[in-house]
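Report on the structure
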Amino acid sequence: MDNKHLPAADRLLHWYDRHHRHLPWRISPAAARRGAHPDPYHIWMSEVMLQQTTVAAVKAYFAKFTERWPSVMDLAAAPTEDVMAAWAGLGYYARARNLKKCAEAVAFEHGGIFPDTEAGLRALPGIGDYTAAAVAAIAFNRQAAVMDGNVERVISRLYAIDAPLPGSKPLMKARVAELTPADRPGDFAQAMMDLGATICTPKRPTCALCPFNALCVALATDEPERFPVKAPKKAKPIRLGAAFIAVDREGRILLRKRVESGLLGGMTEVPTTGWTARADGVTDISAAPFAADWQPAGSISHVFTHFELRLSIFRVGPIDPPPDHHGFWVPVTELDGQALPTVMKKAIAAAIPTAFPTSNR
DNA sequence: CACACGTGGGA
DNA sequence: TTCCCAAGTGT
């Protein structure tokens, strides 16, 4: 049947019923149409994990978290250190700290029940405009305008919006609100994101298969890949430093806990110098955790969001632990239980190649 | 409003 | 290799 006359939302939902992705935290659109709701705990956790993170990377973490902490009450009762260690490797560690805070707020201030409105959700730690709308729409079928990076791409092409992000966000949000149906807002939100992830992709979109192709202004008048227009990005500076891998006679490595705020906040680290912006190549080992016969053990490079870090690695041991230092000693065979971010695993692996036998390279 | 804040994968 | 990202939030 010719459905060109259908409103945009109906075209999208028709496409979604046939081509939706199957994801562990979802229920099927067929079940949703029968009035079923997904577990708000699962939707919330998946949305937080998916912030700036790929579906492929999230799947294993989602399985691990929901198996270990099946309910928000379980997560609220968990030691923060366990949550940080379980999150290690996923990045943006403020999300893990706020995940725990949010679980505590839901457990102890809301009786273990997630708020079912956008405003109620928005007041919780780690839940911003996007996540509040997404959980309200997907978990509670509220008519909330859900806009993430996928939706921005779809909308900017559908209307050929020339104004650059992020300034054009309010305009695009208004367009999303116009399109969002009262009937199936949760499926509509997931459909927009599936469309952006599988059809309306950043490069080489598959417009021939798009339910919006007859409506898309960018496709009709321009080059869809040109949208969304974004402000130019800044160059990434390089910072230098040194990391110190000390091993004692019992095969333990010296670790420290980073301060709660800022980069890698609350995570575990090996002792390092400060990370300076100087580019003279001088390595300052005077900041070693203690005086010892530190031996060069190569170097690593790691790219953060806003700078690249190059660390010279130094190693010493087996030694007797000196009495005067702060930190704690952990067997090299038990590092998996530590909240070690990827950059720290790289530093350790450079000095002790056998430290992480399961990882590649 | 601009910037801080991780990581691994694809082109 | 280099660049660009991928379901943003907090300050």
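What counts, and where the lines are drawn
- Residues numbered from 1 in each chain as written.
- Chains lettered and ligands numbered in written order.
- Predicted model: local features only at pLDDT ≥ 70, side-chain atom pairs only at ≥ 80, totals over all residues.
- Heavy atoms only, no water.
- Near = heavy atom within 4 Å.
- Polar contact = N/O pair within 3.5 Å; in protein donor to acceptor, adjacent residues only side chain to side chain.
- Nonpolar A, V, L, I, M, F, W, Y, C, P; charged D, E, K, R; others polar.
- Helix = DSSP H or I, 4+ residues; strand = E, 2+ residues; numbered from the N terminus.
- UniProt positions renumbered as here; feature names shortened; annotations may be inferred.
- Axes fitted to C-alpha atoms, helices over the stretch in contact; angles between N-to-C directions.
- Parallel < 35°, antiparallel > 145°, perpendicular 65-115°, else oblique.
- Left-handed = near helix turned anticlockwise from the far one by under 90°.
- Contact = heavy atoms within 4.5 Å.
- Buried < 20%, exposed > 50% of the residue type's maximum accessible area, 1.4 Å probe, protein only.
- Expected span 1.5 Å × (residues − 1).
- Arc of directions from axis to C-beta.
- Core = buried A, V, L, I, M, F, W, Y, C linked by side-chain atoms within 4.5 Å.
- Domains from an automatic or database assignment.

Taken together, 27 residues are adjacent to DNA strand C, and E47, G126, T131, D148 and N150 come closest. Sugar and phosphate atoms represent 67% of those atoms of DNA strand C found within 4 Å of the protein. Here a phosphate oxygen of DNA strand C and a side-chain polar atom of T131 are 2.7 Å apart. A distance of 3.2 Å separates a phosphate oxygen of DNA strand C from a polar backbone atom of G149. Each residue belonging to the surface near DNA strand C can be placed in one class, and the counts come to 9 nonpolar, 10 polar and 8 charged.

Lining the immediate surroundings of DNA strand B are 19 residues, of which Y93, L264, H302, T305 and T342 lie closest. Per the 4 Å cut-off to the protein, sugar and phosphate atoms form 65% of the nearby atoms of DNA strand B. Q52 places a polar main-chain atom, nitrogen or oxygen, 2.9 Å from a base nitrogen of DNA strand B. T53 has a polar side-chain atom sitting 2.9 Å from a base nitrogen of DNA strand B. Listing elements by their share of the surface near DNA strand B, those giving two or more residues are β4 (295–303) and α14 (342–351).

Per the UniProt annotation, the sites labelled "domain: HhH-GPD" (unreviewed entry) are residues 49–198. Helix makes up 65% of residues 49–198 and strand 0%, and the two end C-alpha atoms of the span are 19 Å apart.

The next thing to look at is the packing of helix α3 (residues 40–50) against helix α9 (residues 129–140). Contact geometry of α3 with α9 gives a least axis separation of 10 Å together with a crossing angle of 150 degrees. Taken together, the axes of α3 and α9 are roughly antiparallel relative to one another. As for how α3 packs across α9, the hand of that crossing is right-handed. Residues P40, I43, W44 and E47 of α3 touch α9, and the partners they reach there are Y130, T131, A134, V135, I138, A139 and F140. Classifying every residue of the contact of α3 with α9 gives 9 nonpolar, 1 polar and 1 charged.

Along the chain, the position of Q190 falls in helix α12 (residues 185–198). Judged by relative accessible area, Q190 falls into the buried class, the value being 8%. A polar side-chain atom of Q190 sits 3.1 Å from a polar atom in the side chain of R26. The residues contacting Q190, other than those within four sequence positions of it, are Y16, R26 and I138.

Moving on to the environment of E47. Among the structural elements, E47 can be located in helix α3. The exposure class assigned to E47 is buried, which follows from its relative accessible area of 6%. Residues E47 and L90 lie 43 residues apart in sequence; the distance between their C-alpha atoms is 13 Å. Each residue touching E47, except ones within four places of it in the same chain, is listed here: Y130, T131, A134, V135 and I138.

Given 3.6 residues per helical turn, the α-helix brings residues three or four places apart onto the same face. With 16 residues, helix α7 (residues 94–109) should cover 22 Å at 1.5 Å per step; its first-to-last C-alpha distance of 21 Å lies within 8% of that length. Turning to α7, its buried residues are R95, A96, R97, L99, K100, C102, A103, A105, V106 and A107. Buried-residue contacts for α7 involve α3, α4 (55–68), α5 (72–77) and α6 (80–87). Just beyond α7, the residue with positive phi is G111, at close to 65 degrees.

For the rest of this paragraph, the subject is helix α11 (residues 169–179). The set of residues buried in α11 consists of M172, V176 and L179. Within α11, the buried residues cover an arc of 65 degrees as seen down the axis, which keeps them to one side. Turned more than 90 degrees off the buried face of α11, the exposed positions are P170 and E178.

Attention now goes to the nonpolar core. Membership of the largest hydrophobic core comes to 109 residues, with the highest contact counts inside it found for W44, F65, L335 and I348. In terms of residue count, α9 provides more of this core than any other element does, 10 residues in total. Both domains that furnish three or more residues to this core are identified here as domain 1 (8–226) and domain 2 (238–351). If near-sequence neighbours (up to four positions away) are discounted, F65 is found in contact with M45, M49, V83, A86, W87 and L99. Within the second largest apolar cluster, 11 residues are counted, among which are L254, A288, F290 and F314.

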